[in-house]
Amino acid sequence: QVQLVESGGGLVQPGGSLRLSCAASGGTLDLYAVGWFRQAPGKEREGVSCITSTDDITYAADSVKGRFTISRDNAKNTVYLQMNSLKPEDTAVYYCAVRWGTCQTDYYRYSRWGPGTQVTVSS
């Protein structure tokens, strides 16, 4: 079964940037749709962005459009989330997840998850 590990989180000031990576092992990531989700304390886990398996069609939540960009590098078996113009409300644990089929916005439709990486945006 494919295993996922997120990396790249950390502490940044408002307006700063981070690039998160989702590295896969035990499977080929290009067989799956890959989604990024986040969960802040006291809030539901929400979809952030997603990229399809073959056509590289991307989706992004309204709250991050124009600031976050998802991309896939099949040669490295990795999906990235470039986060620019970060805001304090972006603070959350960020997860990547995969599913067979198309991108979906609901977290419970994804079958495999990484352990998450903490992103904190604070001055």
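Residues numbered from 1 in each chain as written. Predicted model: local features only at pLDDT ≥ 70, side-chain atom pairs only at ≥ 80, totals over all residues. Heavy atoms only, no water.

**Some points on the state of the cysteines**
- All told, the structure shown has two disulfides when counted by the stated rule.
- Between the sulfur atoms of Cys50 and its disulfide partner Cys103 the distance amounts to 2.1 Å. Handedness here is read from the sign of the S-S torsion; for Cys50 and Cys103, about -90°, the answer is left-handed. Linking Cys50 in strand E5 (residues 46-51) with Cys103 in the loop between strand E9 (92-99) and strand E10 (112-113), this pair joins segments that are 53 residues apart in sequence. (Disulfide = S-S within 2.5 Å. Helix = DSSP H or I, 4+ residues; strand = E, 2+ residues; numbered from the N terminus.)

**Some words on the sheet that holds strand E3 (residues 18-25)**
- Read across the open sheet, the four strands follow the order E1-E3-E8-E7; overall the sheet is antiparallel. Strands at the two margins of the open sheet, each flanked by one partner only, are strand E1 (3-7) and strand E7 (68-73). Each strand of the sheet is rotated relative to its neighbour by a mean of 15°, with strand direction disregarded.
- Judged from the five bridges that link them, E1 and E3 form a sheet pairing that is antiparallel. Note on E3: the bridge partner recorded for Val5 is Ala23. (Pairing = 2+ DSSP bridges. Axes fitted to C-alpha atoms, helices over the stretch in contact; angles between N-to-C directions.)

**Thoughts on the pairing of strand E11 (residues 117-121)**
- On E11, burial follows the alternation: Thr117, Val119 and Val121 on one face are buried, whereas Gln118 and Thr120 on the facing-out side are not.
- When strand E2 (residues 10-12) meets E11, the two strands line up parallel, connected through three bridges. Within the sheet, the bridge partner assigned to Gly10 lies in E11 and is Val119.
- Relative to E11, E9 is paired through three bridges, and the arrangement is antiparallel. Residue pairing in the sheet places Ala92 in a bridge with Val119 of E11. (Buried < 20%, exposed > 50% of the residue type's maximum accessible area, 1.4 Å probe, protein only.)

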